[in-house]
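# Descriptive structure summary
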Amino acid sequence: MPLDREKYLELFLSEVDEQLTQLNNLLVSLEGIGADEKTIAEIFRITHTIKGNAAAMGYDVVSEFAHRIEDVFDLLRSRKLDFSQDVANAVFFALDELQKMLMELRKNKVEPEELPEIEKILKKIAMGEGGWESELGKMRMEREAPISDVARVPMRKLDSLINLIGEMLINISKLEMMNVRIGSRNLKDTISHLRRIVSDFQYIIMDIRLVPLASIFDQLPRMVRDIAQQEKKEVELSISGEDIQLDSRVVEKIKTPIIQILRNAISHGIENPAKRRKLGKEPKGLIKISAVREMGMVKIAISDDGAGIDVSKIKKTALALKIATEERLSQMSDEEILNLIFEPGFTTASGTTKISGRGVGMDAVRSELTSIGGTIVVKSKVGVGTTFEIFAPISIAIIKSLLCEVGGNVYAFPITTVEAIRKFLPSEIRRMNGENFFRFEGELVPLLDVGNVLYDKNPDYHSKDDVNVIITNVANRLFGFSVDELLREEDLVVKPLDVLSDVKTVSGASLLGSGDVVLILDISEMVRKASLERMVI
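Here is what the cut-offs are and how they apply
- Residues numbered from 1 in each chain as written.
- Predicted model: local features only at pLDDT ≥ 70, side-chain atom pairs only at ≥ 80, totals over all residues.
- Heavy atoms only, no water.
- Helix = DSSP H or I, 4+ residues; strand = E, 2+ residues; numbered from the N terminus.
- Rg over C-alpha atoms; globule rule 2.2 N^0.38 Å.
- Buried < 20%, exposed > 50% of the residue type's maximum accessible area, 1.4 Å probe, protein only.
- Contact = heavy atoms within 4.5 Å.
- Areas by Shrake-Rupley, 256 points an atom, 1.4 Å probe, with all protein chains shown as cover.
- Lys, Arg positive; Asp, Glu negative; His and termini not counted.
- Charge placed at Lys NZ, Arg CZ, Asp CG, Glu CD.
- Pairing = 2+ DSSP bridges.
- Axes fitted to C-alpha atoms, helices over the stretch in contact; angles between N-to-C directions.
- Phe/Tyr/Trp six-rings, centres within 6.5 Å; stacked < 30°, edge-to-face > 60°.
- Arc of directions from axis to C-beta.
- Patch = residues over 30% accessible without salt bridge, like charges linked within 9 Å, V, L, I, M, F, W, Y side chains within 5 Å.
- Salt bridge = Lys/Arg side-chain N within 4 Å of Asp/Glu carboxyl O.
- Domains from an automatic or database assignment.
- Buried area = accessible area lost by both parts, 1.4 Å probe.
- Polar contact = N/O pair within 3.5 Å; in protein donor to acceptor, adjacent residues only side chain to side chain.

## Focus: the overall build of the protein
A tally of regular secondary structure across the protein gives 19 helices and 18 strands. Here the C-alpha radius of gyration of the protein, 30 Å, is well above what a compact globule of 537 residues would show, namely 24 Å. Reported as C-alpha extents along the three principal axes, the dimensions of the protein are approximately 100 × 80 × 35 Å. Here the protein holds 537 residues, and 45% of them are scored as buried. Residue pairs at least 24 apart in sequence account for 68% of intrachain contacts in the protein once pairs closer than 6 positions are excluded. Here the protein has roughly 27200 Å² of accessible surface; of this, 51% comes from carbon and sulfur atoms. The protein carries 71 positive and 83 negative side-chain charges, and their two centres are separated by 5 Å.

Here is the structure:
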């Protein structure tokens, strides 16, 4: 499969920019301390890396020029060449020319057709020829070194900018609230203009933080190949959606879950070739990874055509560990039972819980995802295969939220989870098997009360004229949440709450223009908490 240069060009160029900065600094250091072996070895290593990366990208001219610089330091490393001021000048000149080549490559998307003139001098140095010093003197040495137009910015600095944007948004909200009392048309227009500017700034910063899923996916073929060899299995890997971009923090969080699921798929899902032949399957197993945007989230599906997960074994384990009662299990769908493998008690128990090897580490997988407002579900059929679906937010720094009031406190629903907002008459809420339901677009949807889930306050729907319901979509399943009041939509800068790290139903907090703290609800954990309470009753 040919390498897509366009996709990796910026990454390649930014890496070389950083490496050239290192080379210039090391060369300056070398001039000060003399022929230091460690410094020379480090310069050789970096130039060798640039040469190899350029060759991998198919930029043969850049690779060949880097090779010429590498040759000089190979001689210095082996002490076949003495380090001198003239050698340093030649290399500095070469690094400047390499920078120019890269700037041209960034501008035109095509590398230069010819090597720089300094290449001839580097070649003479490497071959031990003399007279090159005078040729070097004829070249223009007194010139400004080229400066790259790309800068690498540490993520902590981008995080600081996000925090400042949050402060600006809070103060804009304060101005809006003040103007409600003042009633100035000019002030209102100025505030609206300021909000648009801050919003544009916000999206520019968010765009800078985005990285493609290819940063993870491109590492997987080698990993799958190595694990398959260790397990003596044959596995084919298919990947799609690697161009989809997510916040770098989200990508960091989903990497471990994806790797864990892949390891389990190969080790415990895909059968060995002999067994697959007996089952009438192709000896080579197939694992597919796909990513698509879906309702403001990204869905990553990881599927295999292996043995699948036996629902009956999960039932037995859930009963043995008292995760669910027999009555509750009889009311659950196969998909709901399959998802019990993510329960902590299920995964931390002894070997009896290792259903097809899928239970190992799955609680940690879900915890990693819920920490960023994501979720995971599993679907499987014995003998056919298993599919894990990961739902992850595009960004976790700033989220658009729906604010509501419950018990005098303000809470936020991430807008990506909200399907609709409705008011229902108390008579439209049905009670079945101890649970509340309402009908939405022909479907019977479970109704949960936010106050009840958070602090066991039972709702009295029949005492109200109508019931405010936020209809959410959690992993393609609808759930309704009743609240006291619906407030407004607002962009919130998410602040992690270390002191509430054990409160899984809250994913973070933010400040409103009034100065009040708003807790951001983790909707998937709200559903899970309510489901667990029902399972053990």
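So that's the structure; there's more coming.
## Quick notes on the sheet that holds strand S17 (residues 506-511)
Read from one edge to the other, the open sheet built from five strands follows the order S16-S8-S9-S18-S17, with strand pairing classed as mixed. Strands with a single pairing partner mark the edges of an open sheet, and in this sheet they are strand S16 (485-493) and S17. Direction aside, the axes of adjacent strands within the sheet are offset by 35° on average. Examined bridge by bridge, strand S9 (residues 409-414) and strand S18 (residues 517-521) share two bridges and lie parallel to one another. For Ala412, the partnering residue across the bridge sits in S18 and is Ile520. On the sheet, helix H7 (residues 155-182) packs against strand S8 (398-406), S16 and S17 and is oriented at approximately 140° with respect to S16.

## Section: the environment of Ile254
On the secondary structure map, Ile254 appears in helix H11 (residues 248-269). With 112 residues separating them along the chain, Ile254 and Arg366 place their C-alpha atoms 10.0 Å apart. With residues up to four places along the chain from it excluded, the contact list for Ile254 reads Leu213, Ile216, Leu246, Ile300, Leu369, Ile372 and Ala392.

## Observations regarding the packing of aromatic side chains
One pass over the structure, following the stated rule, counts four aromatic pairs. With a centroid separation of 5.8 Å and an interplanar angle of 40°, the aromatic rings of Phe12 and Tyr59 are classed as tilted. One end of the pair, Phe12, is in helix H1 (residues 5-33); the other, Tyr59, is in the loop between helix H2 (37-57) and helix H3 (60-77), with 47 residues separating them in the sequence. Of the two residues examined, Phe12 and Tyr59, each falls in the buried class.

## Notes on helix H17 (residues 362-370)
Every buried residue of H17 is accounted for by Met362, Asp363, Val365, Arg366, Leu369 and Thr370. Angular distribution of buried residues about the axis of H17 spans 160°; they occupy a single face of the element.

## Focus on the environment of Val62
Residue placement: Val62 occurs in helix H3. Separated by 52 residues in sequence, Val62 and Glu114 place their C-alpha atoms 9.4 Å apart. With sequence-adjacent residues up to four places away left out, Val62 is seen in contact with Ala54, Leu98, Met101, Leu102 and Glu111.

## Let's talk about the sheet that holds strand S5 (residues 297-304)
Taking strand neighbours across the sheet as the criterion, the five strands line up as S2-S4-S5-S7-S6 in an open arrangement whose pairing is mixed. Of all the strands in the sheet, just strand S2 (235-240) and strand S6 (375-381) have a single pairing partner and so form its edges. The sheet shows a mean angle of 15° between the axes of neighbouring strands, taken without regard to direction. Sheet analysis places S5 next to strand S7 (residues 385-393), joined by eight bridges and oriented antiparallel. For Ile300, the partnering residue across the bridge sits in S7 and is Ile390. Packed onto the sheet, helix H10 (residues 220-230) meets S2 and strand S4 (285-294) and runs at close to 165° relative to S2. The sheet contacts of H17 involve S6 and S7, and relative to S6 the element is tilted by about 140°.

## Notes on a nonpolar patch on the surface
Together, Leu175, Met178, Ile182 and Leu194 make up a nonpolar patch on the protein surface, roughly 330 Å² of accessible area in all. The leading source of residues in the nonpolar patch is H7, at three residues. You can see Ile182 is positioned in helix H7.

## Details of the pairing of S7
Along S7, eight of the nine residues are buried, which leaves the element largely enclosed by surrounding structure. With seven bridges joining them, S6 and S7 adopt antiparallel strand pairing. Within the sheet, the bridge partner assigned to Ile376 lies in S7 and is Ile390. In textbook terms, the turn of a hairpin is the stretch between consecutive antiparallel strands, and for S6 and S7 this stretch comprises three residues, one of which, Gly383, has a positive phi near 85°.

## Quick look at the domain arrangement of the protein
Per the domain assignment, the segments making up the protein are domain 1 (5-143), domain 2 (155-208), domain 3 (212-391) and domain 4 (398-533). Domain 2 and domain 4 are separated by 27 Å when their C-alpha centres are compared. With eleven residues of domain 2 in contact, the opposing surface of domain 4 contributes nine residues. For the pair domain 2 and domain 4, the summed buried surface comes to about 870 Å²; carbon and sulfur atoms form 64% of the total. Looking at the side of domain 2 facing domain 4, the largest losses of area belong to Asn163, Ile170 and Gln202, adding up to 36% of the total buried there. Here domain 2 is connected to domain 4 by zero salt bridges. In this structure, the connection of domain 2 to domain 4 is made through zero residue pairs in polar contact (both at pLDDT 80 or more).

## A few points about the side chain of Thr375
Among the structural elements, Thr375 can be located in strand S6. For Thr375, a relative accessible area of 12% corresponds to the buried category. Sequence-distant contacts of Thr375, that is, excluding residues within four places in its chain, are made with Leu369, Glu389, Ile390, Phe391, Ala475 and Ser524.

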